[in-house]
Amino acid sequence: MKRLRIALTKGRLEKGTVEMFRKMGLNCDEIDNKGRRLILPVGDYDIVLAKAADVITYIENGVCDVGIVGKDTIEESNRHFYEIMDLGIGKCKFALAAPKGSNFYAGFSVKCVASKYPEIARRFFAQKAMDVKIIKIEGSVELAPLLGLADGIVDIVESGKTLVENGLEVVEDIMPISARVIVNLASMKLRKNEIDGLVKGLEKVTASEE
Ligand code: PRP
């Protein structure tokens with residue numbers, strides 16, 4: 001049987017997740033010295049390093065069994081897989097932010113909101129029954145209000161530093177974000193024991209850090 005494949009989001013979540021693998025007693029030498037390789041053996045698992053949105057694509061299509069990805073990407077994706085565990089790392093939040101002192105909700109004009117996460121933004125305002133125009137931006141969403149493109153932004157806030165340094169402030173929190181473990185629908189049935197074993201190992205590490 002092929003080894004269990006875990007798709008791991010490159011970048012911010014990568015370090016924290018590998019640290020968890022290490023604490024589980026898995027040999028992480030290959031990933032520590034990965035060079036430019038993208039599939040690395042770690043203990044009994046094969047780790048596939050991928051961009052967040054691609055982690056979800058690999059899990060949904062069954063080419064990887066388990067994925068580690070931020071709740072932000074999961075919420076924006078609206079796709080089919082199991083979400084089975086909160087790893088408690090990569091903590092941040094989605095928030096609505098606007099230029100400091102601008103009073104985003106004032107007035108009756110239809111507001112314009114920029115976001116890299118239009119689906120999250122759409123749901124947030126739909127829940128308020130508020131009609132807004134949403135503009136999709138690919139990076140540095142904070143620029144949109146500065147350039148006069150939008151009245152506010154829906155974006156990830158971690159330390160809040162980016163907002164402060166660009167004269168913006170949180171208007172309202174939308175939802176907390178952290179790294180989650182997701183599983184392909186078929187793998188959950190066919191490889192249940194291995195997945196249970198992985199989750200138990202990860203749970204031991206999160207419990208010891210609480
Ligand atoms: C996120 C987000 C903000 C920043 C917030 O971007 O879009 O720009 O982090 O962090 P802070 O509250 O600690 O300042 P990220 O760095 O992930 O880059 P990205 O634009 O590639 O998403």
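Further up the page is the structure itself.
This is a predicted model, so every value here is computed, not measured. (Residues numbered from 1 in each chain as written. Predicted model: local features only at pLDDT ≥ 70, side-chain atom pairs only at ≥ 80, totals over all residues. Heavy atoms only, no water.)

**Some thoughts on helix α5 (residues 118-127)**
- Buried residues of α5: Glu119, Ile120, Ala121, Phe124 and Phe125, and no others.
- Ala129, located one to two residues past α5, shows a positive phi value of around 55°. (Buried < 20%, exposed > 50% of the residue type's maximum accessible area, 1.4 Å probe, protein only. Helix = DSSP H or I, 4+ residues; strand = E, 2+ residues; numbered from the N terminus.)

**As for the sheet that holds strand β10 (residues 168-177)**
- Read across the sheet, five strands follow the order β8-β7-β9-β6-β10 without closing on themselves; strand pairing throughout is mixed. Two strands bound the open sheet, and with one partner strand each, they are β8 (132-136) and β10. Averaged over all pairs of adjacent strands, the angle between their axes in this sheet comes to 25°, without regard to strand direction.
- In this structure, strand β6 (residues 92-99) lies alongside β10, joined through eight bridges in antiparallel fashion. Bridged to Ala97 within β10 is Val170. (Pairing = 2+ DSSP bridges. Axes fitted to C-alpha atoms, helices over the stretch in contact; angles between N-to-C directions.)

**Re the site of the ligand**
- Around the ligand lies a shell formed by Arg12, Lys116, Glu142, Asp155, Ile156, Val157, Glu158, Ser159, Gly160, Lys161 and Thr162.
- Asp155 is positioned such that a nitrogen or oxygen atom in its side chain is 2.8 Å from an oxygen atom of the ligand.
- At 2.4 Å from an oxygen atom of the ligand is found a side-chain nitrogen or oxygen belonging to Thr162.
- Relative to its unbound accessible surface of 500 Å², the ligand loses 67% to contact with the protein.
- Elements represented by at least two residues in the shell around the ligand include exactly β9 (152-157) and α7 (161-165).
- Tallying contributions element by element places β9 first for the shell around the ligand, with three residues. (Near = heavy atom within 4 Å. Polar contact = N/O pair within 3.5 Å; in protein donor to acceptor, adjacent residues only side chain to side chain. Areas by Shrake-Rupley, 256 points an atom, 1.4 Å probe, with all protein chains shown as cover.)

**Here we look at the nonpolar core**
- Among the nonpolar cores identified, the biggest contains 29 residues, and Ile6, Phe21, Ile31, Ile47, Val66, Leu87 and Leu202 are the most heavily contacted of them.
- Elements with a contribution of two residues or more to this core: β1 (4-9), α1 (12-23), β2 (39-42), β3 (45-50), β4 (66-70), β11 (179-183) and α9 (192-209).
- Top contributing element to this core by residue count: α9, with five residues.
- Ignoring anything within four residues of it in the chain, the contact list for Val66 reads Leu4, Arg5, Ile6, Ala7, Ile59, Val181, Ile182, Val183, Ile195 and Leu198.
- By size, the runner-up hydrophobic cluster in this structure holds 14 residues, among which are Phe94, Ile120, Val154 and Ile177. (Core = buried A, V, L, I, M, F, W, Y, C linked by side-chain atoms within 4.5 Å. Contact = heavy atoms within 4.5 Å.)

**As for the pattern of salt bridges**
- Under the counting rule described, the total for this entry stands at 22 salt bridges.
- The salt bridge partner of Glu14 is Lys34, with a shortest N-O separation of 2.9 Å. Residue Glu14 is found in helix α1, and its partner Lys34 is found in the loop between α2 (29-32) and β2; the two are separated by 20 residues along the sequence.
- Relative accessible area serves as the criterion here: at 26%, Lys34 is assigned to the partly exposed category.
- Via salt bridges that share partners, Lys71, Glu75, Glu83, Asp86, Glu119, Arg122, Arg123 and Arg180 belong to a single interconnected network. (Salt bridge = Lys/Arg side-chain N within 4 Å of Asp/Glu carboxyl O.)

**What to know about the sheet that holds β4**
- Here we have six strands laid out as an open sheet, ordered β2-β3-β1-β4-β11-β5, and mixed in their pairing. In this open sheet, the two edge strands, each paired with only one partner strand, are β2 and β5 (82-86). Within this sheet the neighbouring strands show an average axis-to-axis angle of 30°, counted without direction.
- Packing of helix α3 (residues 52-60) onto the sheet brings it into contact with β1, β3, β4 and β11, and relative to β4 it is tilted by some 150°.
- Where α9 meets the sheet, it contacts β1, β3, β4, β5 and β11, and its direction lies at approximately 25° from that of β5.

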